[in-house]
Structure formats: C-alpha cells, structure tokens
Amino acid sequence: MGIPDGIGVVDLLMGLPNRDRRWWATAMAGTLRDEDSRTGMTHPAGYMFKDLPEMERTDSSAEDLLREMDRFGVEKALIPVSFEDPDTLDAVRRHPDRLLGSFQVDPTDVMAGVRGLRRAREDAGVLAATFFPCGCTPPVPIDDRLAYPLYATCVDLGLPVFVNAGIPGPRVPAAAQEVMRFDRVCYDFPELTVVLRHGGEPWCDLAVKLMLKWPGLHWSSSAFAPKHYPRAIVDYANTRGADKIMYAGYFPYGLTLDRIFAELPGVGFKDEVWPKFLRTNALRVLGL
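Basis of the calculations
Residues numbered from 1 in each chain as written. Predicted model: local features only at pLDDT ≥ 70, side-chain atom pairs only at ≥ 80, totals over all residues. Heavy atoms only, no water. Core = buried A, V, L, I, M, F, W, Y, C linked by side-chain atoms within 4.5 Å. Buried < 20%, exposed > 50% of the residue type's maximum accessible area, 1.4 Å probe, protein only. Helix = DSSP H or I, 4+ residues; strand = E, 2+ residues; numbered from the N terminus. Contact = heavy atoms within 4.5 Å. Lys, Arg positive; Asp, Glu negative; His and termini not counted. Salt bridge = Lys/Arg side-chain N within 4 Å of Asp/Glu carboxyl O. Polar contact = N/O pair within 3.5 Å; in protein donor to acceptor, adjacent residues only side chain to side chain. Phe/Tyr/Trp six-rings, centres within 6.5 Å; stacked < 30°, edge-to-face > 60°. Lys NZ or Arg CZ within 6 Å of the ring centre and 35° of its normal.

**Student:** If you had to explain the nonpolar core to someone new, which residues and values would you point to?
**Tutor:** By size, the foremost hydrophobic cluster in this structure holds 95 residues, and its most contacted members are Leu99, Tyr151, Val161, Phe182 and Phe277. Per-element tally for this core: the top contributor is helix H11 (residues 274-285), with six residues. Ignoring sequence-local partners within four residues, the contact set of Tyr151 consists of Phe131, Ile142, Val161, Val185, Phe189 and Leu192. Counting residues in hydrophobic clusters, the runner-up holds five residues, among them Leu32, Cys134, Val172 and Ala176.

**Student:** Break down the side chain of Lys244 for me, citing the residues and quoting the values.
**Tutor:** By the secondary structure assignment, Lys244 is in the loop between helix H9 (231-237) and strand E8 (245-246). Despite being buried, Lys244 has no salt bridge partner; Asp243 is the closest side chain of opposite charge, sitting 8.7 Å away. In terms of polar contacts, Lys244 uses its side chain to reach the backbone carbonyl oxygen of Trp214, at 3.0 Å. For Lys244, the residues in contact, after removing those within four places along its chain, are Met211, Trp214, Pro215, Leu217, His218, Trp219, Tyr236 and Asn281.

**Student:** Kindly report on the environment of Leu127, identifying the contributing residues and their values.
**Tutor:** Along the polypeptide, Leu127 turns up in the loop between helix H5 (110-124) and strand E4 (128-131). Assessed through its relative accessible area of 14%, Leu127 is described here as buried. Residues Leu127 and Ile79 lie 48 residues apart in sequence; the distance between their C-alpha atoms is 10.0 Å. Those residues in contact with Leu127 that sit more than four places away from it in its chain are Leu100, Gly101, Arg121, Leu159, Pro160, Leu286 and Leu288.

**Student:** Just give me the short version of the packing of aromatic side chains, but keep the residues and values in it.
**Tutor:** In total, this model carries 15 aromatic pairs according to the counting rule given. Look at Tyr250 and Tyr253: their rings are 6.0 Å apart centre to centre, the planes differ by 55°, and that puts the pair in the tilted class. Across the pair, Tyr253 and Tyr250 agree in class, each one buried. Plain terms: the ring middles of Phe269 and Trp274 are 5.0 Å apart, the flat faces sit at 75° to each other, and that makes the pair edge-to-face. Considered together, Phe269 and Trp274 belong to a single accessibility category, that of buried residues. By way of ring pairs, the aromatic residues Phe72, Trp219, Tyr229, Tyr247, Phe261, Phe269, Trp274 and Phe277 are connected into one cluster. Note that Arg119 overlies the ring of Phe83, its terminal NZ or CZ placed 3.7 Å from the centroid.

**Student:** Explain the environment of Thr88 residue by residue, including any values.
**Tutor:** Tracing the backbone shows Thr88 in helix H4 (residues 86-94). Between the alpha carbons of Thr88 and Arg259 there is a distance of 25 Å; along the sequence they are 171 residues apart. Ignoring any residue separated from it by four or fewer positions in sequence, one finds Thr88 in contact with Leu16, Arg57, Ile79, Pro80, Val81 and Ser82.

**Student:** Could you give an account of the pattern of salt bridges, with specific residues and numbers?
**Tutor:** Applying the stated criterion across every chain, the model contains 17 salt bridges. The residue Asp70 makes a salt bridge to Arg98 at a minimum N-O spacing of 2.8 Å. In this pair, Asp70 is assigned in helix H3 (residues 61-71) and Arg98 in the loop between H4 and strand E3 (99-104), connecting sequence segments 28 residues apart. A relative accessible area of 16% places Arg98 in the buried class. For Lys213, the salt bridge is made with Asp183, and the minimal N-O distance between the two is 2.8 Å. One end of the pair, Lys213, is in helix H8 (residues 204-213); the other, Asp183, is in helix H7 (residues 181-188), with 30 residues separating them in the sequence. For Lys213, a relative accessible area of 47% gives the class partly exposed. Since its relative accessible area comes to 16%, Asp183 is described here as buried.

In structure tokens form, the structure reads like this:
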C-alpha cells in the first residue's frame, strides 16, 4: 500500500518565513566563533543544507503556507509563535484548525521562561513547548536543573515539549544535547511527554533503547530529508516503535515540501506505520 492517500498529514515543524534569515546569528552571537557562521551562512547549518527554500515574509505568508500545505495534503502544522513576532500569533488565531502554536522557552531566565509559556498557553492556545539546549547562551543541557521548571510547567499544563537532540547544526559544542541526558529527565518526570527534535544523531540506537524504556519519549523527523532518516529509527518503527515516531518537515527553514514528499515513499515503513507516523501519533501527543 505505501503512503495512504488523503490521510490529512500533521506536520510537527513548519513556520512562517523569518523576517531576518540570519536571526540565529544574532541570537547565538555569544556562542558562535567561526567566521562563516558569524558573517556568511544564511542558515545555521548551511554547510549541510542545499537548495534552501526561498521565501520572504509578506502580509500573506500564513495563506501562502496554507496553500503549500494543501498541495501536499498537510491538514495541520505545528508552527513557532512568539510575542515578539505578532504575525505568528495572528496566524494561529486566524487559522486555529490548521496552524497550531508552539512556544520556545529559554531556561537561562527561569521564571521569564515559565511565565512566557503560561502566557502563550493562555493567550495564544499553544499546544507545545520547545527547547533548544545548544541554542541557549550559555547552553543549557537537557537534564540541567535550569530546564526542570520548564518540564514541570509542561506537566502542569498538559503540554508536550520538543527538545533538540544530537549534534546541533550550528557550530557550537554538542554536549548539552547528548541523548543519554533524556534518561534522567524521563525518570524525574514520568508524566512528561518529550519529543526528540532534529534526529538525535549519532545516538539513534541509544534513542531507540530509551524510547523502549520510557513511555513518554518520542522521536520526530525534523531537519532530515527522508532519504537520510536514520536506519535505527526506521527499523524501530517497523518493529516495536510505530507509536513513537512522528513526521516533522522543516519547511520553509531548510527543506522544501517538494523534496520531502518526493522522497518519503522510499523510506521503507511498513503499511501500518504510515498513518501513525504521518498523523495519529502527532494528534495524540498534541492532545487532539
């Protein structure tokens, strides 16, 4: 059967184009050191991505995103929202059935992060928190005490948290995102739903072991072209992990939907895995 038609895909990482394509260089200025990152690349992992989507922010960006979603049968998309970017808040408020908000928390300012997440839930109805350990200045490891109020707040609000895992694309140290760090977090927060974002390489075998161990731990495919999905994850999905893996596309940040959906049929999931990977697991994790 392969990929079923008309399934109503749920994409766990889309977004409006950034107004400043090098926003990340400013945000990470305190940790970036190589000259190419500081002044040259238009993507924080530009040495890995080719043929980046070319989209500019306009007054119709939300509607443009919906049209792209419609072209590929994407019913809903999780997009980042920020109080510093009113367009993102407006997009989820005008299209609540299609565009679902996520809110990034920076644990370096503990109470500001917790209050920001609570406000985002109350004012914008966000359905998830996100956390980029190596993107903080200084980095905040996955299992650091500074992140624990974020996790506790997610449990309190009933929100999943999407956490960047594995070697980061930006040229910063990777230790904060070592996958083994999830072991302690899942132990300390058994009620927490955690989703590994951006693959977790090179610790995918370890990620599989931890997902087998911890009911609340999941994996999403963001920032990976389908032909590069880790073999350990595909094998896990086809055996014991069909309920733990979820689709996330990374458009328009690094991959086009044309490329993603052209490559997806070659992934090699069993027929019964596709509906879970493309839709039902995400709906469950987001509480929908």
